[in-house]
Amino acid sequence: MKATIALAVDQLSFAYGAKKALDRLSFQIYAGECTILLGPNGAGKTTLFSLITRLYDSHDGHIALCGFDLQQQTCKALATVGIVFQQTTLDMDMSVMDNLYYHAALHGIGRKQAGQRIEQELQRLNMWERRQEKVRQLNGGHKRRVEIARALLHQPSLLLLDEPTVGLDVPSRQAIVDYVHQLARETGLAVLWASHLIDEIYPGDHLLVLHKGQIKANGTVNEVLTLTGTASIREASQQLTQGEAT
Amino acid sequence: MRVTHYWRALWGIVGRELWRFVTQRERFVSALVRPLVWLFVFAAGFRAALGLAISPPYETYILYEVYITPGLCGMIQLFNGMQSSLSMVYDREMGSMRILLVSPLPRWFLLLSKLLAGVGVSVLQVYVFLAIAWADDIQAPWQGYLWAMPALLLSGLMLGALGLLLSSFIKQLENFAGVMNFVIFPMFFLSTALYPLWKLKESSILLHQIAQYNPFSQAVELIRFALYGQLNLHALIYTSAAFAVFMAAAIFGYNPSKGMMSRKGGA
C-alpha cells in the first residue's frame with residue numbers, strides 16, 4: 001500500500017512574463033519519502049518552491065499539500081509545510097532562541113510548548129549549547145541547522161529544502177544530508193530536496209529531474225538509471241539535462 | 001484557524017519590532033533628533049518671521065513652536081512609516097520577509113500585524129518627543145495627551161499603510177531614495193505641518209489645494225485638534241478613508257496572484 005500523499009502537483013505551469021519557467025509539471029511526494037529535485041541552475045527548482053509555498057501564484061495547474069488545496073485552503077495547506085530557503089532567512093541580530101520563538105509564534109505555538117520543541121530540535125541538531133548566541137555569530141553550517149530546526153518546529157508533514165547545503169564544507173553538508181534522510185526514515189516526514197549536487201542522493205531516494213521547466217525523469221534511483229541506460233546518477237543527470245549538471 | 005493563533009502571531013510580530021527598536025539605539029535617537037532639530041532650531045529661527053493668526057483649535061496667539069509640534073508628531077510617523085517600508089524591502093531582499101509570508105495566516109493579517117508593530121513604535125517615539133517638548137514648556141492641556149493617542153494610532157496606521165503600499169512597488173533597496181524625493185518631502189512640505197492652510201493660500205491657490213487634499217495634512221490636523229481635546233471630524237473621516245484605501249491597495253500589492261508580487265516574481 002502506498003503511503004499518504006504529502007504533496008500533489010498537477011499540470012502546474014508558470015511564466016515570468018513571456019518566459020516560461022515551469023511547463024505542465026505533475027508529480028506526487030509521499031510521506032516518509034526523500035525526493036531529490038535534481039536540475040541545473042535555472043531549471044525552475046526555486047520557482048517551483050515559491051509556488052508550493054505560495055510566494056508566487058499560478059492559475060495554471062493545482063497544488064495540494066496533505067490533501068489541502070493551496071488556492072482554496074491556503075492557511076491549512078501552509079501549516080503542513082516546513083521550508084528552508086536557499087538564502088538564509090534568519091534574523092541575524094536575534095539569538096537562535098528568539099528566532100525560533102518568533103517562528104513558533106507565527107505558527108500559533110504557545111511559549112511553553114515552543115520552548116519544549118525548540119529544546120528538542122536543537123538537541124537533535126547539536127545546537128542546544130549555542131541557543132543564546134546571535135545568529136550572526138554562527139558559521140554557515142550552524143545557521144543551516146538552525147533553519148532546519150525552525151522548519152521542523154511546527155511539526156510539518158512536508159519539508160522543503162531549497163539547496164540548503166550550498167556554500168557549506170563537506171562535513172557540514174554530510175551532516176545535514178544524513179540528518180534529513182534519518183528524519184524521513186524515522187518520522188515519516190516527506191522531504192522535497194532541491195539540489196544540483198549528485199553526491200547528496202542516497203540510493204533509496206526518489207528522483208525528480210527538472211530541466212528547462214519540464215520533468216525529464218520521475219522515479220527511484222534504479223528506475224532513472226534504467227530509463228537512461230546509464231550506470232550512475234551523474235551520467236543519467238547529464239544525459240537528461242544535456243551535460244549541465246555538476 | 002484559532003483566535004489564539006492570530007493573537008500569538010500578532011504578539012510575535014509586534015514583539016520582534018519593539019525588540020529591534022529597543023536594541024537599535026541609533027534608530028531611536030535619529031528618529032528623535034530630526035523633529036527636535038526642527039522644533040528647537042528651525043522653529044526658533046522662524047518664530048519672528050512667521051506670524052500666526054488665531055485659528056482653531058487654538059484660542060489665543062501661540063508661538064510658532066506650539067504650532068509645529070503636532071506637525072512634527074506627524075513627521076515622526078511619516079518617517080517611521082517610510083522606515084518600516086524600507087525595512088520591508090530590506091527584509092524581502094534578505095529573505096526574512098519570506099518566512100513571514102509563508103506563515104499559515106491570511107496575508108492581510110500578516111501585513112496588518114506588521115503595520116501595527118510599526119505604529120506601536122512610532123507612537124512611542126511621538127510620546128518621547130512630546131515629553132521633551134513639554135519639558136521645554138511647549139505644552140498642551142494634559143487631557144490632550146490622552147486624546148492624542150487614538151489620533152496618533154490612526155495617523156500612524158494611515159502613514160504606515162502608505163509605506164506598506166510603497167514597499168510592494170519597490171523591488172530593490174536602491175530605489176528607495178526616490179521615495180524620499182517623491183513621497184516624503186512633498187508630503188511633508190505640502191501640508192499643514194509647518195504652516196497653516198490660510199498662509200499657503202496667500203502664496204498660491206494651487207499649493208493651498210494640494211495641501212488641503214494631502215492626507216498627511218489631515219493626519220496632522222487630527223493630531224493637532226486631539227492635542228487640544230477637540231475632534232476634527234473632517235480630518236478623522238479623511239484619514240480613515242486614506243488608511244482604508246492605502247491598506248486595501250497594499251494587500252492587493254502583496255497578493256501573490258493579483259498584485260505587484262506576481263509581476264515582480266515574488267516576495
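All values reported here derive from a predicted model rather than from experimental measurement. Residue positions are given per chain, counting from 1 as you read along its sequence in written order. Each chain is given a letter, starting from A, and each ligand a number, starting from 1, according to the order in which they appear as written. For this predicted model, a pLDDT threshold of at least 70 governs which residues receive local features, and a threshold of 80 or more governs which side-chain atom pairs are given and counted, while totals over whole chains, interfaces and linings are taken from all residues. Only heavy atoms go into the side-chain values, all of them from the structure, while hydrogens and water stay out.

**Here's the deal with the confidence of the model for chain B**
Residue and element names in this part refer to chain B. As a per-residue measure, pLDDT reflects the predictor's confidence and takes values from 0 up to 100. Confidence in the prediction of chain B, expressed as mean pLDDT, is 84, and 89% of residues score 70 or more. Put simply, helix α12 (residues 260-264) is where chain B has its lowest mean pLDDT, 51, and helix α10 (residues 215-227) is where it has its highest, 94. Any two residues having at least one pair of non-hydrogen atoms within 4.5 Å are treated as being in contact. Considering only residues more than four positions removed or in separate chains, one finds that residues 263-267, a stretch of pLDDT under 50, has 18 contacts. Each helix is a run of H or I in the DSSP string that is no shorter than four residues. Each strand is a run of E no shorter than two, and both are numbered from the N terminus.

**So, the packing of aromatic side chains**
Residue and element names in this part refer to chain B. Two aromatic rings from Phe, Tyr or Trp, using only the six-membered ring of Trp, form a pair when their centres are within 6.5 Å; if the ring planes differ by under 30 degrees the pair is stacked, by over 60 it is edge-to-face, and anything between is tilted. Across all of its chains, the model carries 14 aromatic pairs over all chains by this definition. Where Phe 188 meets Phe 189, the ring centres are 5.3 Å apart and the plane angle is 70°; that geometry is what we call edge-to-face. A 1.4 Å probe rolled over the protein chains alone gives each residue an accessible area, and that area as a share of the maximum for its type sets the label: buried under 20%, exposed over 50%, partly exposed in between. Taking the relative accessible area as the measure of exposure, Phe 188 reaches 2% and is therefore buried. The structure contains a cluster of three or more aromatic residues connected by ring pairs, namely Trp 38, Phe 42, Tyr 64, Tyr 67, Phe 185, Phe 188, Phe 189 and Phe 216.

**Looking at the nonpolar core**
Among buried residues, the Ala, Val, Leu, Ile, Met, Phe, Trp, Tyr and Cys ones that are joined through side-chain atoms within 4.5 Å form a nonpolar core. Grouped together as the largest cluster of nonpolar side chains are 112 residues, with contacts concentrated most on Leu7(A), Leu158(A), Leu192(A), Phe129(B) and Phe188(B). With sequence-adjacent residues up to four places away left out, Leu158(A) is seen in contact with Ala6(A), Leu7(A), Ile29(A), Leu65(A), Thr80(A), Val81(A), Gly82(A), Leu189(A), Ala190(A), Val191(A) and Leu192(A).

**Things to note about the pairing of strand β9 (residues 206-211) of chain A**
All names here are of chain A. Among the six residues of β9, six are classified as buried, and the element is accordingly described as predominantly covered. Burial of β9 is two-sided: the residues His 206, Leu 208 and Leu 210 facing one way and the residues Leu 207, Val 209 and His 211 facing the other way are all buried. Of the pairings in the sheet, the one linking strand β3 (residues 34-38) to β9 comprises four bridges and is parallel in character. Within β9, the position partnered with Ile 36 by the bridge is Leu 207. Paired strands, in this sense, are two strands between which DSSP finds at least two bridges. One ladder, built from six bridges, connects β9 with strand β10 (residues 214-220); its direction is antiparallel. The residue of β10 that forms the bridge with Val 209 is Ala 217. In textbook terms, the turn of a hairpin is the stretch between consecutive antiparallel strands, and for β9 and β10 this stretch comprises two residues, one of which, Lys 212, has a positive phi near 50°.

**Description of the sheet that holds strand β7 (residues 158-162) of chain A**
All names here are of chain A. Reading across from one edge, β6-β7-β8-β3-β9-β10 is the order of the six strands in this open sheet, with mixed pairing throughout. Bordering the open sheet on either side are β6 (81-84) and β10, each of which pairs with just one other strand. Ignoring which end each strand starts from, the neighbouring axes of this sheet average 15° apart. For β7 and strand β8 (residues 190-195), the ladder comprises five bridges, and the chain directions are parallel. Within β8, the residue paired with Leu 160 across the bridge is Leu 192. For every element, the axis is a line fit to its C-alpha atoms; helices are fit only across the contacting stretch, and the angle between N-to-C directions ranges from 0 to 180 degrees. This element, helix α5 (residues 140-152), spans β6 and β7 of the sheet and lies at about 170° to β6.

**A few points about the packing of helix α6 (residues 142-169) of chain B against helix α7 (residues 177-189) of chain B**
Residue and element names in this part refer to chain B. For the pair α6 and α7, the least separation of the axes is 13 Å and the interaxial angle reads 165°. Comparing their axes, α7 and α6 come out roughly antiparallel. Handedness of the crossing formed by α6 with α7: right-handed. The segment α6 lies against α7, with Leu 159, Leu 162 and Leu 166 engaging Val 179, Val 183 and Met 187. Under the scheme applied here, ten amino acids are nonpolar (Ala, Val, Leu, Ile, Met, Phe, Trp, Tyr, Cys and Pro), four are charged (Asp, Glu, Lys and Arg), and all others, including Gly, are polar. Looking at side-chain class alone, the contact of α6 with α7 contains six nonpolar, no polar and no charged residues. Throughout, the term roughly parallel applies to angles under 35 degrees, roughly antiparallel to angles over 145, roughly perpendicular to angles from 65 to 115, and oblique to all others. Whether a crossing is left-handed or right-handed is set by the direction in which the near helix is turned from the far one by less than a right angle, anticlockwise for left-handed and clockwise for right-handed.

**Re the sheet that holds strand β1 (residues 5-16) of chain A**
Residues and elements named next belong to chain A. Overall, antiparallel pairing links the four strands, which are arranged β2-β1-β4-β5 in an open sheet. Only two strands of the sheet have a single partner each, and these edge strands are β2 (19-30) and β5 (68-69). Pairing analysis gives eight bridges linking β1 to β2, with the strands arranged antiparallel. Each bridged residue has a counterpart across the sheet, and for Val 9 the counterpart in β2 is Phe 27.

**Quick word on the environment of Glu163(A)**
Residue and element names in this part refer to chain A. The topology assignment puts Glu 163 in the loop between β7 and α6 (170-187). Separated by 42 residues in the primary sequence, Glu 163 and Asp 205 have C-alpha atoms spaced 16 Å apart. With residues near it in sequence (within four places) discarded, Glu 163 still touches Asn 41, Lys 45, Gln 86, Arg 144, Ala 194, Ser 195 and His 196. At 3.3 Å, the side chain of Glu 163 forms a polar contact with the side chain of Lys 45. Throughout this description, a polar contact denotes any pair of N or O atoms lying within 3.5 Å of each other; where both atoms belong to protein, one of them has to be capable of donating a hydrogen while the other can accept it, and for residues adjacent in sequence the pair is counted only when both atoms sit in side chains.

**As for the interface of chain A and chain B**
Listed as interface residues are 27 residues of chain A and, on the opposing side, 29 residues of chain B. Regarding the contact of chain A and chain B, the summed buried area is about 2,600 Å², with carbon and sulfur atoms giving 63% of it. The rule for a salt bridge is simple: a side-chain nitrogen of Lys or Arg has to be within 4 Å of a carboxyl oxygen of Asp or Glu. For the pair chain A and chain B, the number of links is two salt bridges. Across the salt bridge formed by Asp91(A) and Arg16(B), the nearest N and O atoms sit 2.9 Å from each other. Connecting chain A to chain B are seven residue pairs in polar contact (both at pLDDT 80 or more). Two parts lose some accessible area (1.4 Å probe) when they are put together, and adding that loss for both gives the buried area.

**With respect to the domain arrangement of chain A**
Residue and element names in this part refer to chain A. Reported domain spans reflect what an automatic or database domain assignment gives. Domains assigned within chain A are domain 1 (1-80 + 156-246) and domain 2 (91-155). The distance between the C-alpha centroids of domain 1 and domain 2 comes to 25 Å. Across the contact, 14 residues belong to domain 1 and eleven residues belong to domain 2. Among the residues of domain 1 in contact with domain 2, Pro 156, Ile 176 and Tyr 179 are the three that bury the most area, contributing 48% of the side total. Summed over the shared surface of domain 1 and domain 2, the number is zero salt bridges. Summed over the shared surface of domain 1 and domain 2, the result is one residue pair in polar contact (both at pLDDT 80 or more). For the side of domain 1 that touches domain 2, the secondary structure elements donating two or more residues are β7 and α6.

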